[in-house]
Number of protein chains: 2
Amino acid sequence: MISVLIIGNGNVATHLYKAFLKADNIKITKIKSRNIVDIPSAAITIIAVSDDAIAAVSAKVNNSFVVHTSGASSLNTLKNKSNKGVFYMLQSFSKGKKVDFSKIPFCLEATNENDYKLLENLAKTIGKKVYHISSEQRKKIHVAAVFVNNFTNHLYKIGQDICEENQIPFEILQPLIQETAVKIKTVAPKNSQTGPAIRKDEKTIKNHLEILNTQQQDIYKILTASIQDTLK
Amino acid sequence: MISVLIIGNGNVATHLYKAFLKADNIKITKIKSRNIVDIPSAAITIIAVSDDAIAAVSAKVNNSFVVHTSGASSLNTLKNKSNKGVFYMLQSFSKGKKVDFSKIPFCLEATNENDYKLLENLAKTIGKKVYHISSEQRKKIHVAAVFVNNFTNHLYKIGQDICEENQIPFEILQPLIQETAVKIKTVAPKNSQTGPAIRKDEKTIKNHLEILNTQQQDIYKILTASIQDTLK
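Source: prediction; values computed, not measured. (Residues numbered from 1 in each chain as written. Chains lettered and ligands numbered in written order. Predicted model: local features only at pLDDT ≥ 70, side-chain atom pairs only at ≥ 80, totals over all residues. Heavy atoms only, no water.)

Overview of the sheet that holds strand 5 (residues 83-89) of chain A
All names here are of chain A. If you walk across this open sheet you meet the 7 strands as 2-1-3-4-5-6-7, and the pairing is mixed. This sheet does not close on itself; its edge strands, each paired only once, are strand 2 (26-31) and strand 7 (129-132). When the angles between neighbouring strand axes are averaged without regard to direction, this sheet yields 25 degrees. Two strands pair when backbone bridges link them, and strand 3 (residues 44-47) and strand 4 (residues 65-68) are joined in this way by 3 bridges, in the parallel orientation. Following the sheet pairing, Ile46 is matched in strand 4 by Val67. The strands that helix 1 (residues 11-22) touches are strand 1 (2-7), strand 2, strand 3 and strand 5; relative to strand 2, the one it contacts most, it runs at about 155 degrees. Against the sheet, helix 3 (residues 113-126) makes contact with strand 1, strand 2, strand 3, strand 4, strand 5, strand 6 (105-110) and strand 7, and its axis sits at roughly 160 degrees relative to strand 6, the strand it touches most. (Pairing = 2+ DSSP bridges. Helix = DSSP H or I, 4+ residues; strand = E, 2+ residues; numbered from the N terminus. Axes fitted to C-alpha atoms, helices over the stretch in contact; angles between N-to-C directions. Contact = heavy atoms within 4.5 Å.)

Observations regarding the domain arrangement of chain A
All names here are of chain A. As far as domains go, chain A holds domain 1 (2-133) and domain 2 (138-229). Relative to domain 2, the C-alpha centre of domain 1 lies at a distance of 35 Å. Between domain 1 and domain 2, the residue contacts involve 14 residues of the former and 6 residues of the latter. A buried area of about 670 Å², summed over both sides, lies between domain 1 and domain 2, and 62% of it is on carbon and sulfur atoms. When the area that domain 1 buries against domain 2 is broken down by residue, the three leading residues are Gly71, Tyr88 and Ile133, summing to 49%. At the junction of domain 1 with domain 2, the criterion picks out 1 salt bridge. Residue Arg138 pairs with Glu109 through a salt bridge whose shortest N-O separation is 2.8 Å. Residue assignment for the side of domain 1 that touches domain 2 shows that the elements contributing at least two residues are strand 5 and strand 6. (Domains from an automatic or database assignment. Buried area = accessible area lost by both parts, 1.4 Å probe. Salt bridge = Lys/Arg side-chain N within 4 Å of Asp/Glu carboxyl O.)

Structural notes on the relation of the copies chain A and chain B
Superposing chain A onto chain B takes a rotation of 180 degrees plus a shift of 0.0 Å along the axis, which leaves an RMSD of 0.0 Å. Taken together, the rotation and translation describe the operation of a two-fold axis. Scanning chain A for the C-alpha nearest the rotation axis identifies A:Thr152, at a separation of 2.8 Å. When the interface residues of chain A are mapped onto chain B, 100% of them are again interface residues, pointing to one common binding face. (Least-squares fit on C-alpha atoms with pLDDT ≥ 70 in both.)

Observations concerning the environment of A:Ala188
You can see A:Ala188 is positioned in the loop between helix 5 (174-183) and helix 6 (196-199). The spatial distance from the C-alpha of A:Ala188 to the C-alpha of A:Ser73 is 29 Å, given a sequence separation of 115 residues.

Points about the pattern of salt bridges
Counted by the stated rule, this structure contains 22 salt bridges over all chains. A:Asp52 is paired through a salt bridge with B:Lys203; the nearest N and O atoms lie 3.8 Å apart. A residue pair is termed interchain when its members come from two chains, as with A:Asp52 in the loop between strand 3 and helix 2 (54-59) and B:Lys203 in helix 7 (residues 202-210). For the pair A:Asp52 and B:Lys203, one class covers both residues: exposed. Each of the salt bridges in this network shares a partner with another, and the network as a whole consists of A:Lys157, A:Asp161, A:Glu164 and B:Lys190. (Buried < 20%, exposed > 50% of the residue type's maximum accessible area, 1.4 Å probe, protein only.)

Now the structure itself:
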C-alpha cells in the first residue's frame, strides 16, 4: 500500500485523484492548496498546482517525498527540504473529459533510485507507459508538445476559418486531419511530407498565397520555407 | 450500370480503379495517359493525372462527360469539347495503403444538373460523404488542406527533431498528437486552444524560445502571435 497525497484542485489533480481512487494498493487523499496549513502525511506528495505556485506550496510541505506534475518546471522548482521528484503526464487534460491513463506517457524523475522506483510503482498502478526523463529532457518535451498540440490546433483553426469564410462545412477536413495524425504511427513525419512545398510546386504555392490573408500568408511562407529546407 | 473510364496511373487512379472494380453497377476500364491514342468510350471519363497534364490529356478525349480529380485545378482546366466536371476526393492517398472510401469526402462539381446527379450516383457506389463544391470553394479547401495536412505534418516533424536531438523516443508525443486530432470531432479548434500563447504566459514562451534553433524560433513566434491575435 502506497499512501499518496495530492495537493491541487485543477484538471490534473482531479483526474489523477479519480484514477488513484480506483487503483489497487493506493491510499489516496486530496487537499486544495489553500488548505495547506494542515497537511496529511503520505509516502508521496503530488503537487498539482499552477507552475507559478509550485515553489510556495512545496515550501510548506514537510512530507518525506514531494513531486510536481509540471512539464515546464525543473525538479528544483520544488522548495521542500526533503526528497524531490517529478510526475509529469504528457497529455492535455480537459474538464469533464474521461482520461485513459493506460495510453498516457508518464515522465518520471527523482533524485535517488529508491524514490524513482516508488514513482514508477505508483505510475504503474494506473498507467502502462513509463519513461525516465530528466529535467533537461522534459523542457524539450514540453516545447515539442507546444508544436504538436498547441500549434497544430491553431493550424486546424486556420482550416476552420478558411472553410467558414467560404460556406464550406469544417467537417469536410476532419477525415484528412485524422488520417494525418494516424499516419505517424506507421511512418515518421520526416518521411511522409507531401504537398506543394516539398514538391517545390511554385505555381500552386503562388495560387495559394493569392487567396490567403496577410497573416495566413506569413505562416504559409515560413512553413513552406522550413519544409523546403529539409531538402537541403 | 454506369460505364467509367479512368485515365492515369498514380495513387488516385489506382485506388479508385480498385474501388470501382468491387462496386455494383459499375463497368470500369483504366488506361495510362500515354495510351491516349485509343480511348474507350464511357459515360464518365475520369482524368486522374498530375495537375499539369490535365489540359493536354483532356483535349484528346472525345467522350461525352469528362472530369478531373484535382483539388488545385478549376473545372475549366479541362479542354475536352464535351461536358465537364470535377470528382475530387479530399484525402491523401499513399501507395500500398488501403483506403476507406466510406470516410472520404467527395467534392463534386459539374456544369449541369444531370451530370452532377450522375457524378453523385457514381460517388455513392463507393462512398458516403458527398459535397457539392464549386471550383472557387475547392481552391479554398485545397489551401485549407495544406494547413491541416502538410503543415501539421511538418510540426510533427519538428517535434520528432526535438525528441531525437535529446535522446527522447518520438513515440512519447504520439498519444498527444492523436488526442489533439480526435478532440476536434467534439470541440471546434477555435474553442479548444490551450498552451502558453493563448494564456499569454510570457515566461514560458521566453524559456521555450531559448532552447529552439533560429528557424524553430521564427515558426514559434509567428504561430504564437497568430494565436494571440485571436484574443483581440
